[in-house]
Structure formats: C-alpha cells, structure tokens
Protein chains: 2
Amino acid sequence: MDGLLTSETDTLVASDVPAGDALHRLAALLATDLAATNAAIVARMASEVELIPHLAAHLIAAGGKRLRPLLTLASARLCGYRGERHVQLAACVEFIHTATLLHDDVVDESDLRRGLASANAVFGNKASVLVGDFLFARAFELMVADGSLDVLRILSNASATIAEGEVLQLSTQNDLRTDIPRYFKVIEGKTAALFAAACEVGAVVAGRDAAACAALSSYGTALGMAFQLVDDALDYAADQAELGKTVGDDFREGKLTYPVLIAFAAGDAQEREFWRRTIEGGEQTDVDLSTALRLIERHDAIGQTIVRAQNFARDAKHALASFPDDPVRGLMMEAADYAVFRRH
Amino acid sequence: MDGLLTSETDTLVASDVPAGDALHRLAALLATDLAATNAAIVARMASEVELIPHLAAHLIAAGGKRLRPLLTLASARLCGYRGERHVQLAACVEFIHTATLLHDDVVDESDLRRGLASANAVFGNKASVLVGDFLFARAFELMVADGSLDVLRILSNASATIAEGEVLQLSTQNDLRTDIPRYFKVIEGKTAALFAAACEVGAVVAGRDAAACAALSSYGTALGMAFQLVDDALDYAADQAELGKTVGDDFREGKLTYPVLIAFAAGDAQEREFWRRTIEGGEQTDVDLSTALRLIERHDAIGQTIVRAQNFARDAKHALASFPDDPVRGLMMEAADYAVFRRH
C-alpha cells in the first residue's frame, strides 16, 4: 500500500494486512460453488436473439471478480447452508450487477471496462441499454423460479436503491455543494446496496433468522462502502497507470468523490477555484489531472479516504462476530481488509 | 379510416366499425379503478432523489393512454374479481411500460413522445436510462408486495421477452433481409408480450384457472399485434401530420416494419434499390419520404397491413368467447376493432 497510504494510516492498519488476496482464497475455498455459478451465468444468458449471448460473451471474456456472487455463496455457506439454491441466486446477483455496469458505461460514456473495450464501445449504446434490460429481467425470472418472496423482496429493493443512487450521483455530478452525507448516500445506493443484498440472500436461503440476515446485510453494506471508497481513492492513485487501469476517469467525468470533497473542503481560495473550473465547469487542460493529484496529496485526501474505508472494514468484521469462527468467516473478514489494501 | 383503408379492406370490415372510442368507454366503465391506479402510479413514483419524481411528473404530464393498466383492470373485472390487488398490479404494468418507453427513446434518439418533448430530450439520455431502471425495479417491488409468484413469473417473463424483442429489432434495423416471421417476432416481443401479461395478470388475481389465464393471454397477444401493426401503418399515413403525430419516424430510423416489407417484396428492381439506399444505407434526402409513401400506396402496403391487423383483432375477440357476455367483455371486444380503426 506504499503508493496509497500515509504514515498515519500505515500505523493504524499494519497489523491487519492480509498475507494474500482474501478474495482469491475465498474463491478457492468455494471453487465448486463458484464453478457452478459461472456455468449458471453462461447458461442463463442464452437467448435465441443472437446479439444477447454475443454481447454477453464479450462481458464474460472481460472477466470480472465475481465478487458479488461470491458474497452470496460465502454467506450461504457461513450460515450452514448445504443445498444448491444459492448457485442460481448468485447468478441473479451477477446479472443485476452486469446490467448496472452496462447501463453505467452508457451513462458514463466509458470506452474501457476492466481494461478491455466496454460493451457500449463495441456494440453501441443501444445494445448496451437493451441487453442490460434483458439481464435485469432474466435475474427476476431466475428469482421467481427459486420461489422465495424474501429473496425477491431483498433484490428488488436493492435494484431500486441502486437506481436511486445512480440518479443521485448524476444529480450531484459537477456540483461541489455536494456534502459528505450526500456522497455516502450515493455510494450506499450505487455500490453497497447490492453487496448487502448479495450477503443477506445467503442467510435467507439458509433459513436463518432476522438477526443473522441483518448481520450479513450490515457486513455487505460496510464492505461495499469500503470497496467504493478505495475505488474512488484508486482513481487518483498515480501509480495505477502501470496496472493498466485508467487514472483520472472520475476527474474527467466531474464526479464528486471522497478525495475531491476532502481536497476541496481543505483547499484555499485558489485551489477551490481550480476545482470549480475543472469539476463544476468541466474545463480541463492536459496539466489539470497532475494538479488535481498534487492537491489531493497536499491535503492527504487519499489517506483520509483510506481511513474512512478502514472504519467501514472494521464495521464489516464486527458484523460477523456472532457467526462461528470457521474458514469462511475468516476469509470474509480478510476480504474486508483486502477491500482496503488492494491495488486495483 | 378513409385515409388508411383500401376499398378491399373497407368491404371486409365495414360492419365492425365501432360507434365510438372503445378504450374511452372502457376507461369510463372502470373509472374508479383507473383513478385508483393513477393515484398508485403517482404515489409509487415517489423517491427522495428529486430527479426521479421530477422526470416522472414529466411523463405523467405527457399522459398516455394507460392502455396496458386498463387491460389489467378490465381483465380482472371480466374474471369477476371484486378486490383491490389489480390496482397495484395495473400500476406495475404501467411502470414496466414506462421504463421501456424511456429506454426506447434513448435507443431511438427520439425528441418527441406523444407530441411533447421526450424525457431524454429534456433530461438527457443518462437520466432516462437510470429512471427507467428505477421504475422497472419499483415495479418488481410492488409485485413482491402483492406476493403472487404467478404474477411475478408472468411479468418477469414478459420483461425478458420485451427486451429480447427490442434487441431483435435493433439487430434487424436497416436489414432488408428481415422476413415477415422475424418481424412478427419483433412486435410480439416489444409490444404484444406486455399486452398479454397485462391481461393474464387480471385472471390470476381473480384466481381463475389456467384456461381463463391462457384465453386472456391470447386476447392480449392478438390485441398487441393488431395495435403494433396499425402503429406501423400510421407511421406511413400521410394524413397523420394534422393530428400532431410525426410521420416517417420509422422510415428515418430505418425500421423494418410491415408496410416496408410488403412494398419491398412487391417492388421492382428500381424500387428495391430505393429501399436499399434509404433503409439499409440510411441515405435519405428531403423527397425520399414522399417517394416511400408513394411506393407504399402503389403496392397497397397499408391496406395489407390493416388486413393483418384485422385478423389479429378477430383472434382477440375469439379469445374472449368463453367469458360471459357483459359490458366489460363487450368493450374489450370493441377495443380490438378500435385497435384497427383508430387514427392515432
């Protein structure tokens, strides 16, 4: 984390640094479930309308961490579930996520997704909007086939909350009056809501009580908040370019993210004028990203973002306290640390 | 219908011409239910994210026929339903429809919707995509609150089918190799599937058996096919301009609709070359729409489209044969004729 952390945050978290990538180890532990989920994803993306599997194959080729379905699988196993329903529901969660990605890329006019050309860049915005709609509808078909109204309630609520978060983000874009609570509301909607739902669904299929469902929902929310904060930090991490990740996307789009809010609040008149011109006014020249990175470093905005993320990671780990201490719980806790310490 | 019908089709259908607008009379008969549905639509479009009700108010102001929710209300009453569940479900149907309209306008890059500026023209494509997602998710939340897995199955299947139809339409756009069966598959997906689901849901809430559900689904499918065929005809009806409707939208977008397929199939080499240039090549000059209208008239393509629509209208009426002869059934049958004879 040397590229990201200040000495302050280094002190705070040195003991929590995981030995490896917790998500990969969690995926390895649940390899059979995850393979079944991947098979379900491929099988259920099928359609006799050729463009749908064609575009879907592009998305599958682009990979992705399968983080959200992994949370469903892990939560179900943590709750002692021994059946197979969680596999189809994990696929639902991934479909909802993929649908939002497709629509996000249209909204953000992104050309890249996970380092590859985005679907909208290859197939056009129209196909991305419509295939997103298809995947969303297909997710609900799969949930109906599962037959749990609780699962349907959790994932339909999450879907509405995601859309609200995305609309709120659109409304606050380019608006430096956005405050921290509003920013948190955006990321709670656009990111944490699906993390929370993905986890809670695991408890529901296992037939666990309301307390266990709420605990896993809290874990997911906190994990999602930590992930999004770090995503926002990484977008201003100058050493990310070497990882094939585009740096400065959020800056160019005028997104009000945590590092910018911190730097703006702490900035002097001249700095605030810089942010107004580049973020509110959308007037950017070639050197502005460097200036933005410098101002963010001057006010330790990345460090403060990471501290916030760490707090959420701790909340996530606390939420799992009532579950038995087993390998799944251990890796889910480590995943919270990984959310903070990952480099991409 | 003098502007639309050829003498051949006049002969076929003169006896079926309804005295007034069956949909308005059906709406009047079900005025209490429809008012409750409108109230539910307004109430459930609410969100603390201001842009959502703001954009929604624009859509509500633009009006719309409330045709699909009316079908749910009418079908429920036809099936003897005396409860209130159909009101919320009619609102769900309208939300799904509105979501697809919002996404359609983004896909079609339309500036007008029902004679007013479209939501994407006023609020931008991004807001239209995201608010469409919100309405779709909200529809599923309402269905989950209703609690019928049958309703959820019907409307999630319809939603997936709509998206498939829209993707297929996108794939066939500008492609004159599209044949009639493929065209029917497009409109069965993009239009008839939701008509069918809207009707079937009415039978489900009334607790009717599979035969009644299937009969109302067939009615909705046939009615939707008739509506879409006539919509396609009206887009080439030169006298529509006076009604405030844009003529030639489909032509400009290169959409392969029934009248074009007929005119292309019947055209000589020079005419086919015209369609290839304007529809496949997308090269259009100011006089091309007039030429298109002339070729369509030459081959009686509007007349043939209307004959197809009439056949579907007859199927729709036949599907209601097993229901008791009451005012609702009478007006639902007349609605099938209205689908063919309407002017807008």
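Higher on the page you've got the structure.
Residues numbered from 1 in each chain as written. Chains lettered and ligands numbered in written order. Predicted model: local features only at pLDDT ≥ 70, side-chain atom pairs only at ≥ 80, totals over all residues. Heavy atoms only, no water.

## Considerations on the packing of aromatic side chains
Thinking step 1. Taken as a whole and judged by the stated rule, the model has 24 aromatic pairs over all chains.
Thinking step 2. Of the aromatic side chains, those joined through ring pairs into one cluster are Phe136 and Phe140 of chain A together with Phe136 and Phe140 of chain B.
Thinking step 3. Residue placement shows Arg272 of chain A over the ring face of Phe264 of chain A; its charged tip is 4.7 Å from the ring centre. (Phe/Tyr/Trp six-rings, centres within 6.5 Å; stacked < 30°, edge-to-face > 60°. Lys NZ or Arg CZ within 6 Å of the ring centre and 35° of its normal.)

## Things to note about the state of the cysteines
Thinking step 1. Overall, the coordinates contain zero disulfides over all chains when judged by the stated rule.
Thinking step 2. Cysteine Cys199 of chain A is unpaired, with the sulfur of Cys79 of chain A as its nearest cysteine sulfur at 9.7 Å. (Disulfide = S-S within 2.5 Å.)

## A word on the packing of helix 5 (residues 67-78) of chain A against helix 11 (residues 210-234) of chain A
Residue and element names in this part refer to chain A.
Thinking step 1. Interaxial distance between helix 5 and helix 11 falls to 12 Å at its minimum, and their mutual angle equals 150°. It follows from the interaxial angle that helix 5 and helix 11 lie roughly antiparallel. Seen from above, helix 5 lies across helix 11 with right-handed handedness. Of the residues in helix 11, those touching helix 5 at Leu67, Leu71, Ser75 and Leu78 are Leu216, Tyr219, Leu223 and Phe227. (Axes fitted to C-alpha atoms, helices over the stretch in contact; angles between N-to-C directions. Helix = DSSP H or I, 4+ residues; strand = E, 2+ residues; numbered from the N terminus. Parallel < 35°, antiparallel > 145°, perpendicular 65-115°, else oblique. Left-handed = near helix turned anticlockwise from the far one by under 90°. Contact = heavy atoms within 4.5 Å.)

## Observations concerning the interface of chain A and chain B
Thinking step 1. Contacts between the two partners involve 38 residues from chain A, matched on the other side by 38 residues from chain B.
Thinking step 2. Summed over both partners, the interface of chain A with chain B comes to about 3,600 Å²; 75% of that surface belongs to carbon and sulfur atoms.
Thinking step 3. In this assembly, chain A and chain B are joined by two salt bridges.
Thinking step 4. Among the salt bridges present, the one from Lys185 of chain A reaches Glu48 of chain B, with a minimum N-O distance of 2.8 Å.
Thinking step 5. Put simply, chain A and chain B have six residue pairs in polar contact (both at pLDDT 80 or more) between them.
Thinking step 6. The dominant element in the side of chain A that touches chain B, judged by the number of residues it contributes, is helix 9 (residues 149-172) of chain A, at 14 residues.
Thinking step 7. Split by residue class, the side of chain A that touches chain B holds 21 nonpolar, eight polar and nine charged. (Buried area = accessible area lost by both parts, 1.4 Å probe. Salt bridge = Lys/Arg side-chain N within 4 Å of Asp/Glu carboxyl O. Polar contact = N/O pair within 3.5 Å; in protein donor to acceptor, adjacent residues only side chain to side chain. Nonpolar A, V, L, I, M, F, W, Y, C, P; charged D, E, K, R; others polar.)

## Observations regarding the packing of helix 13 (residues 258-266) of chain B against helix 14 (residues 269-280) of chain B
Residue and element names in this part refer to chain B.
Thinking step 1. Viewed as axis vectors pointing N to C, helix 13 and helix 14 meet at an angle of 140°, and their least axial separation amounts to 8 Å. Viewed along their axes, helix 13 and helix 14 adopt a mutual orientation that is oblique. Side by side, helix 13 and helix 14 meet where Val260, Ala263, Phe264 and Ala265 of the first sit next to Glu271, Arg272, Trp275 and Arg276 of the second.
Thinking step 2. Of the residues belonging to the contact of helix 13 with helix 14, the class tally is five nonpolar, no polar and three charged.

## Remarks on helix 2 (residues 22-29) of chain A
At 3.6 residues per turn, the α-helix brings residues three or four places apart onto the same side.
All names here are of chain A.
Thinking step 1. Taken together, the buried positions of helix 2 are Ala22, Leu23, Leu26 and Ala27. Seen from one end, helix 2 has its buried residues packed into an arc of 135°, which puts them on one side. In helix 2, the exposed residues that point more than 90 degrees away from the buried face are His24 and Ala28.
Thinking step 2. Contacts from the buried residues of helix 2 go to helix 3 (31-44), helix 5, helix 11 and helix 17 (327-341).
Thinking step 3. Where helix 2 begins, one side-chain oxygen reaches toward the backbone nitrogen of Leu23, 2.8 Å away; that side chain belongs to Asp21. (Buried < 20%, exposed > 50% of the residue type's maximum accessible area, 1.4 Å probe, protein only. Arc of directions from axis to C-beta.)

## Quick notes on the relation of the copies chain A and chain B
Thinking step 1. Turning chain A through 180° and shifting it by 0.0 Å along the axis lays it on chain B, with an RMSD of 0.0 Å. Accordingly, the operation relating the two chain copies is best matched by a two-fold axis.
Thinking step 2. Comparing interface residues between copies, 100% of those in chain A also lie at the interface in chain B; the contact surface is shared. (Least-squares fit on C-alpha atoms with pLDDT ≥ 70 in both.)

## Details of the environment of Leu29 of chain A
Thinking step 1. Relative to the helices and strands, Leu29 of chain A resides in helix 2.
Thinking step 2. Taking the C-alpha atoms as reference points, Leu29 of chain A and Leu331 of chain A, separated by 302 residues in sequence, lie 9.2 Å from one another.

## Some points on unusual backbone geometry
Most peptide bonds adopt trans geometry, and most residues besides glycine take a negative phi value.
Thinking step 1. Its identity as a non-glycine residue notwithstanding, Asp300 of chain A has a phi of 50°, on the positive side.
Thinking step 2. Looking at the secondary structure, you find Asp300 of chain A in the loop between helix 15 (288-298) and helix 16 (301-319).
Thinking step 3. At Asn174 of chain B, a residue that is not glycine, the phi angle is positive and equals roughly 65°.
Thinking step 4. Classification of Asn174 of chain B as partly exposed rests on a relative accessible area of 29%.

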